[in-house]
Amino acid sequence: MIRTHEAGTLRKEHAGQKVTLAGWVARRRDHGGVVFIDLRDASGSAQVVFREEDHAHDLRAEYCVKVTGEVRQRPAGNENPDLPTGEIEVVASEVEVLSESAPLPFPIEGSSGVSEEARLKYRYLDIRRQRIADALRIRSQATYLANEVMRERGFVYVETPNLTRSTPEGARDFLVPVRLQPGNWYALPQSPQLFKQLLMVSGLERYYQLARCFRDEDLRADRQPEFTQIDIEMSFVDQDDVIELGEALIGRIWKETLGYELPTPLPRMTYAEAMARYGSDKPDLRFGVELTDLTDYFSGTSFRVFQAPYVGAVVMPGGASQTRRELDAWQEWAKSRGARGLAYVLVQEDGTLGGPVAKNLSETELAGLAEATGAKPGDAVFFAAGARAASRDLLGAARLEIGRRCDLIDESQWSFLWIVDAPMFEEDGEGGWTPVHHPFTSPKPEWADTFQDNPGEALAYAYDMVCNGMEIGGGSIRIHRAEMQQRVFDVLGISKEEAESKFGWLLEAFKYGPPPHGGIAYGWDRVCMLLAGGESIRDVIAFPKTASGFDPLSGAPTPISPEQRKEAGVDATPKGDRPEPAAQQS
RNA sequence: GGUCCUGUAGAGCAGUUUGGAGUGCUCGCCACCCUGUCAAGGUGGAGGUCGCGGGUUCAAGUCCCGUCAGGACCGCCA
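Values in this document were obtained by computation on a predicted structure and should not be read as measured data. (Residues numbered from 1 in each chain as written. Chains lettered and ligands numbered in written order. Predicted model: local features only at pLDDT ≥ 70, side-chain atom pairs only at ≥ 80, totals over all residues. Heavy atoms only, no water.)

**Q** Which residues make up the overall build of chain A, and what values go with them?
**A** Secondary structure summary: chain A contains 13 helices and 22 strands in total. Principal-axis analysis of the C-alpha atoms places the extent of chain A at approximately 90 × 80 × 50 Å. Taking the contacts inside chain A whose residues are at least 6 apart along the sequence as the reference set, 67% of them involve residues at least 24 apart. Surface exposure of chain A reaches about 29400 Å², of which carbon and sulfur atoms provide 49%. Between the mean site of the 65 positive side-chain charges and the mean site of the 89 negative ones, chain A shows a separation of 3 Å. (Helix = DSSP H or I, 4+ residues; strand = E, 2+ residues; numbered from the N terminus. Contact = heavy atoms within 4.5 Å. Areas by Shrake-Rupley, 256 points an atom, 1.4 Å probe, with all protein chains shown as cover. Lys, Arg positive; Asp, Glu negative; His and termini not counted. Charge placed at Lys NZ, Arg CZ, Asp CG, Glu CD.)

**Q** With reference to specific residues and values, describe the protein's contact with RNA strand B.
**A** Close to RNA strand B lie 49 residues; Arg 51, Asn 78, Glu 89, Gly 113 and His 437 are nearest. Across the atoms of RNA strand B situated within 4 Å of the protein, the share located in sugar and phosphate is 52%. A distance of 2.4 Å separates a base nitrogen of RNA strand B from a polar side-chain atom of Glu 89. Within the side chain of Asp 218, one N or O atom sits 2.7 Å away from a base nitrogen of RNA strand B. Sorting the residues of the surface near RNA strand B by element identifies strand E1 (18–30), strand E2 (34–41) and strand E3 (44–51) as the ones contributing at least two each. No other element matches the three residues that E1 contributes to the surface near RNA strand B. Residue classes in the surface near RNA strand B are distributed as 15 nonpolar, 16 polar and 18 charged. (Near = heavy atom within 4 Å. Polar contact = N/O pair within 3.5 Å; in protein donor to acceptor, adjacent residues only side chain to side chain. Nonpolar A, V, L, I, M, F, W, Y, C, P; charged D, E, K, R; others polar.)

**Q** A description of the nonpolar core should follow, citing residues and the corresponding values.
**A** In this structure, Ile 232 and Tyr 522 are the most contacted members of the largest nonpolar core, which totals 43 residues. At the level of elements, helix H3 (130–152), strand E10 (226–235), helix H5 (239–258), strand E17 (416–420), strand E20 (462–467), strand E21 (470–477), strand E22 (517–523) and helix H12 (524–532) are the ones that each hand at least two residues to this core. (Core = buried A, V, L, I, M, F, W, Y, C linked by side-chain atoms within 4.5 Å. Buried < 20%, exposed > 50% of the residue type's maximum accessible area, 1.4 Å probe, protein only.)

**Q** Requested: an account of the pattern of salt bridges, with residues and values cited.
**A** Under the definition given, this model contains 44 salt bridges. For Glu 233, the salt bridge identified is with Arg 478, shortest N-O distance 2.7 Å. Taken together, the positions of Glu 233 in strand E10 and Arg 478 in the loop between E21 and helix H10 (482–492) put the pair 245 residues apart, joining distant regions of the chain. There is no split in this pair, since Glu 233 and Arg 478 are both buried. Residues Asp 240 and Arg 268 are paired through a salt bridge, measuring 2.8 Å at the closest nitrogen-oxygen approach. Of this pair, Asp 240 sits in helix H5 while Arg 268 sits in strand E11 (residues 268–270), and the two are 28 residues apart along the sequence. The class of Asp 240 is partly exposed, set by a relative accessible area of 42%. For Arg 268, a relative accessible area of 40% puts it in the partly exposed group. (Salt bridge = Lys/Arg side-chain N within 4 Å of Asp/Glu carboxyl O.)

**Q** Give a detailed account of the sheet that holds E3, specifying residues and quantitative values.
**A** If you walk around this closed barrel you meet the five strands as E1-E2-E3-E5-E4, and the pairing is mixed. Averaged over all pairs of adjacent strands, the angle between their axes in this sheet comes to 55°, without regard to strand direction. (Pairing = 2+ DSSP bridges. Axes fitted to C-alpha atoms, helices over the stretch in contact; angles between N-to-C directions.)

**Q** So what's going on with the sheet that holds strand E6 (residues 156–157)? Residues and values would help.
**A** Spatially, the eight strands line up as an open sheet ordered E6-E9-E10-E22-E21-E20-E17-E11, and their pairing is mixed. Two strands lie at the open edges of the sheet, namely E6 and E11, each paired on one side alone. As paired elements, E20 and E21 share six bridges and run antiparallel to each other. If you follow Met 465 over to E21, its bridge partner there is Gly 473.

**Q** Quick one: what's the story with helix H6 (residues 271–278), residue by residue and with numbers?
**A** Taken together, the buried positions of H6 are occupied by Ala 274, Met 275 and Tyr 278. One side of H6 carries all its buried residues, which in axial view fall inside an arc of 105°. Residues of H6 that are buried in the fold lie against E11, helix H9 (388–405) and E17. Directly after H6, the chain includes Gly 279, whose backbone phi takes a positive value near 60°. (Arc of directions from axis to C-beta.)

**Q** I'd like a rundown of a nonpolar patch on the surface, residues and numbers included.
**A** There is a patch of nonpolar side chains on the surface, built from Tyr 124, Phe 543 and Leu 553 and spanning about 300 Å² of accessible area. Mapped onto the fold, Leu 553 is located in the loop between H12 and helix H13 (562–568). Given the relative accessible area of 31%, Leu 553 is considered partly exposed. (Patch = residues over 30% accessible without salt bridge, like charges linked within 9 Å, V, L, I, M, F, W, Y side chains within 5 Å.)

**Q** So what about the UniProt feature "domain: Aminoacyl-transfer RNA synthetases class-II family profile" (unreviewed entry) in chain A? Which residues, and what values?
**A** The UniProt record marks residues 134–544 with the feature "domain: Aminoacyl-transfer RNA synthetases class-II family profile" (unreviewed entry), using the residue numbering of this structure. A helix fraction of 32% and a strand fraction of 21% characterise residues 134–544, whose end C-alpha atoms lie 16 Å from each other. (UniProt positions renumbered as here; feature names shortened; annotations may be inferred.)

**Q** I'd like a rundown of the UniProt feature "binding site: ATP" (unreviewed entry) in chain A, residues and numbers included.
**A** UniProt tags Arg 215, Asp 216, Glu 217, Gln 224, Glu 471, Gly 523, Trp 524, Asp 525 and Arg 526 as "binding site: ATP" (unreviewed entry). Tracing the sequence through the fold places Gly 523 in strand E22. Take Trp 524: it is sitting in helix H12. In contact with Trp 524, not counting residues within four places along its chain, are Arg 139, Ala 142, Thr 143, Ala 146, Leu 210, Thr 228, Gln 229, Ile 230 and Ile 253.

The following block contains the structure:
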């Protein structure tokens, strides 16, 4: 090794030892006759002292250097109790510049903000910064822990293909042209869903993988075109078994990275309850502010707007003192979400009700409103009326916005829960049904025989783990009987031929004694983002892409040359003697 | 596909409302001074296509139109 010690590990016990360090010049404090360098390596940093004969004057920020010198306790009064190495310093006797650094595009040390674009373009420098380096380390630690838990429980790590077949359901696929078979295309997997079910047919019984997944959809702070899941599947289990495993996995990770004891078993809430109380299938329980259903309350109202299939409300504490401008801003906010507006009533300090909606309500309606919604003097009550799902969505979003604006969210808190009993199907807007989860999700046992008769009410054997208002994992018990699978396809309007063409390879496998099985997948980037305290999954991805899918570092994606285009067979027509590739969704 | 915010020196910002010479702040950079700092300090200096294109105007960083890039959100993401 070039060095004998790591800078961040030096303590006063090392005093008197001759050491050689290697790292980067983090900070330079040049006093002319004496120069201090903070030498940073992966372990931390230590102060190196140079005397004038040492030529340290020419060292610059982020030069990569090797320093030999003697560790000594700092002179009395010069200790720095804020630093782990603050009791010692290294008196340099030799210094070698291993490589110089050009002036930096942004500061490595210090906490000043830097644009996302600059950070991604020079991501390798961004990772030198403490915050990102820490985030990547905590991700690594979490990954080790996950592997430990899975190993202890006898799971088999299996890698599934990244070059695979396009799947017709779900997200848009990334496609890869195939030179050997011009006109035919691989798809990158949206998840290893079908392969992991095949591995259950194979009898592995317990499978897991840190799987790369690819989805060609628009990006968000918590979405990248490629991302990682911890993908898990188990045979001969029911929902409680998978939930127990999920809690053991997340519990170990939170305990050993953050020292947080997961309060297991985690609370479970049905999808229906979550939607009714919080207007969300991933409620943030770090604060209260629940929705109230006022449909019955306003069932006889003469106010036309509230003559709707659903009327609900959410209370903004202290909201009555908002200015006209702030209340107007709520209208704009609601419109930006596709609503017509956000009706409101202000509860004045004397208990009277104000706001434009109040005069449309009857004496009786006004009299009981505060009690019905739980509003107190000084609060504002926001209403949504219309279709139930859309109205609850709006109120749920308003609830989160209230939480943010009123600073009701305790950021130091962890709120974990399971959302269970999601519906199997939802209306696709064209008179048909579409799966809420995916078409291989089993109904709950009580719906096993009858789901096809009431598709809108049938409950799925599915579960999502929610943390701080974010879905971090989700899974289900799968269908393993052909007869039941056929009934699901019938509800979805998928013909036998269509099912054969799209999923034939899975259905074929399921002819050979498939075991009952189920699983779960955790969004690993989101999990690590929560552990690292980040705002975006980009914080825990070494080389992420921008919101338009561009990588400012490598410049990807790029056009291809006409030669590449020809060779890849991008424009070729497939030969007819192959099975029809699954139709692409546009 | 849509809505909103942002774009001014290497970095972070102010200036845009009410048009008047690239006017300014913090950090960094370069040179010099400085023997106990740890966000060291001091003196001096360099550094600008105000994202890009067009328009209005005697005059545009500032107003208008378009466009590009980044970010947030809606749609979308089983």
